[in-house]
Amino acid sequence: MSQQLIDAITDMREEDALKITNQMLDSGESPLAVLEACRQAMDVIGKRFEAGDCFIPELILAGEMLNQISTEIKPRLQQDVTQAKLGKVILGTVEGDIHDIAKDIVGFMLDINGFDVTDLGVDVPPARFVEAARNTGAKVVGLSGFLTLAYDPMKATVAALKAAGLNDVKVMIGGGQIDDQIRQYTGADAYGKDAMAAVALARQWTGV
Ligand code: B12
């Protein structure tokens, strides 16, 4: 059924996409499998956009579909998770970038896995990450970014945290095109490929 969901999203059949999502969830399919199908569909749409075969309205519609699907998935993910707060995490999409669907999924997964998440939103300048880390005492900062243009703000944020003396704060980065090479460029401590990786890193760094 995953392929049907991918096809519905990439064909921009909004209602079908939601219907198939619900069918998948009702038949016991893992919410994470639904998310993986969404990721694959977004890859297809992203490539079409790059090739000039689709345009901003399609990106917006795809974003809306993904938001709706996330809304369906969230309550199902909530079922088997802990409620106790394990540690604080600051999260945001870096300056110049407004992609927030993935960040929201990361924040949600951290939250339901027991972390106290401060979500700073999108287009967040380095100084706000510093301020939030200082004010909350969080030892983990998560930077999300989907644009090539996000690499430099990520690097600037890592540098700003260091310049502020917050050397014990660990920084993880993630987003569509981020990989370990970008991590090295930015000076971040780790790169996470998905929301579960974000949870694993936060756990590792907070010792829980
Ligand atoms: C939907 C979308 C949009 C929507 C965003 C809606 C929203 N509210 O987020 C809208 C229409 C607004 C949009 C706008 C633009 N977009 Co856009 N967009 C996309 C698209 C199709 C999907 C992104 C997405 O949400 N994926 C779904 C998520 C769930 O997928 P995921 O990556 O698997 O998510 C996981 C990981 O990323 C990871 N993760 C994410 N963050 C973090 C953080 C941490 C700490 C960790 C550990 C992990 C982690 O965990 C997530 C959950 O498991 C991508 C194509 C693509 N394939 O990425 C283009 C894409 C990112 N966009 C692109 C572009 C160019 C733009 C625009 C500049 C277009 C324009 N000319 O205006 C603007 C940018 C405006 C700005 N200043 O930011 C390009 C970027 C190219 C580049 N090299 O920079 C892409 C790659 C499309 C393409 N192939 O050309 N976009």
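So, a few notes on the structure that sits alongside this text. (Residues numbered from 1 in each chain as written. Predicted model: local features only at pLDDT ≥ 70, side-chain atom pairs only at ≥ 80, totals over all residues. Heavy atoms only, no water.)

Quick word on the side chain of Thr10
And step 1. For Thr10, the location among the structural elements is in helix 1 (residues 2-10).
And step 2. In this structure Thr10 touches Ala41, Val44, Ile45 and Arg48, once residues within four positions along its chain are discounted. (Helix = DSSP H or I, 4+ residues; strand = E, 2+ residues; numbered from the N terminus. Contact = heavy atoms within 4.5 Å.)

A closer look at empty space enclosed by the protein
And step 1. Counting across every chain of the model gives one cavity of 30 Å³ or more.
And step 2. There is about 50 Å³ of room inside the largest cavity.
And step 3. As for the largest cavity, its lining consists of Leu35, Ser70, Ile73, Lys74, Leu77, Ile105, Phe108 and Met109.
And step 4. Of all elements in the fold, only helix 4 (56-78) and helix 5 (101-112) reach the threshold of two or more residues within the lining of the largest cavity.
And step 5. At four residues, the largest contribution of residues to the lining of the largest cavity is made by helix 4.
And step 6. Each residue belonging to the lining of the largest cavity can be placed in one class, and the counts come to six nonpolar, one polar and one charged. (1 Å grid on protein atoms, 1.4 Å probe; cavity = no way out; pocket = protein on both sides within 12 Å on 5 of 7 lines; lining within 4 Å. Points joined across faces, edges and corners; volume = space filled by probe spheres on them. Nonpolar A, V, L, I, M, F, W, Y, C, P; charged D, E, K, R; others polar.)

Side note on the coordination of the cobalt atom of the ligand
And step 1. No other protein atom reaches the cobalt atom of the ligand as a donor apart from His99 (NE2), found 2.3 Å away.
And step 2. Position of His99 relative to the elements: it lies in the loop between strand 1 (87-93) and helix 5. (Donors = N, O, S within 2.8 Å, 3.2 Å for Na, K, Ca; no water.)

Here's the deal with helix 1
And step 1. Residues of helix 1 that are buried include every one of Leu5, Ile6, Ala8, Ile9 and Thr10, and no others.
And step 2. Met12 lies just past helix 1 and shows a positive phi near 65°. (Buried < 20%, exposed > 50% of the residue type's maximum accessible area, 1.4 Å probe, protein only.)

Some remarks on the pattern of salt bridges
And step 1. Per the counting criterion, the structure on display carries 10 salt bridges.
And step 2. Salt-bridge contacts for Asp26 lead to Arg76; the nearest nitrogen and oxygen are separated by 3.2 Å. Pair noted here: Asp26 is in helix 2 (residues 14-26) and Arg76 is in helix 4, with a separation of 50 residues, a long-range link.
And step 3. Exposure remark for Arg76: the relative accessible area of 26% places this residue in the partly exposed category.
And step 4. Between Arg39 and Asp43 there is a salt bridge whose closest N-O contact spans 3.1 Å. Of this pair, Arg39 and Asp43 both sit in helix 3 (residues 31-50), separated by four residues, roughly a single helical turn.
And step 5. The exposure class of Arg39 is partly exposed, given its relative accessible area of 43%.
And step 6. What you see here is one network of salt bridges that share partners, running through Asp11, Arg13 and Asp16. (Salt bridge = Lys/Arg side-chain N within 4 Å of Asp/Glu carboxyl O.)

Some details on the site of the ligand
And step 1. Neighbouring the ligand are 36 residues, the closest being Ile98, His99, Asp100, Ser144 and Thr148.
And step 2. Here an oxygen atom of the ligand and a side-chain polar atom of Asp97 are 3.5 Å apart.
And step 3. Ile98 places a main-chain nitrogen or oxygen 2.7 Å from an oxygen atom of the ligand.
And step 4. Of the pockets mapped on this structure, the ligand occupies the largest pocket.
And step 5. Going through the elements one at a time, helix 3, helix 4, helix 5, strand 3 (140-144), strand 4 (170-174) and helix 9 (195-206) are the ones with two or more residues in the shell around the ligand.
And step 6. Of the residues forming the shell around the ligand, the biggest block, six residues, is contributed by helix 3.
And step 7. For the shell around the ligand, the per-class residue count stands at 18 nonpolar, 11 polar and seven charged. (Near = heavy atom within 4 Å. Polar contact = N/O pair within 3.5 Å; in protein donor to acceptor, adjacent residues only side chain to side chain. Sits in = over half its atoms within 2 Å of the grid points.)

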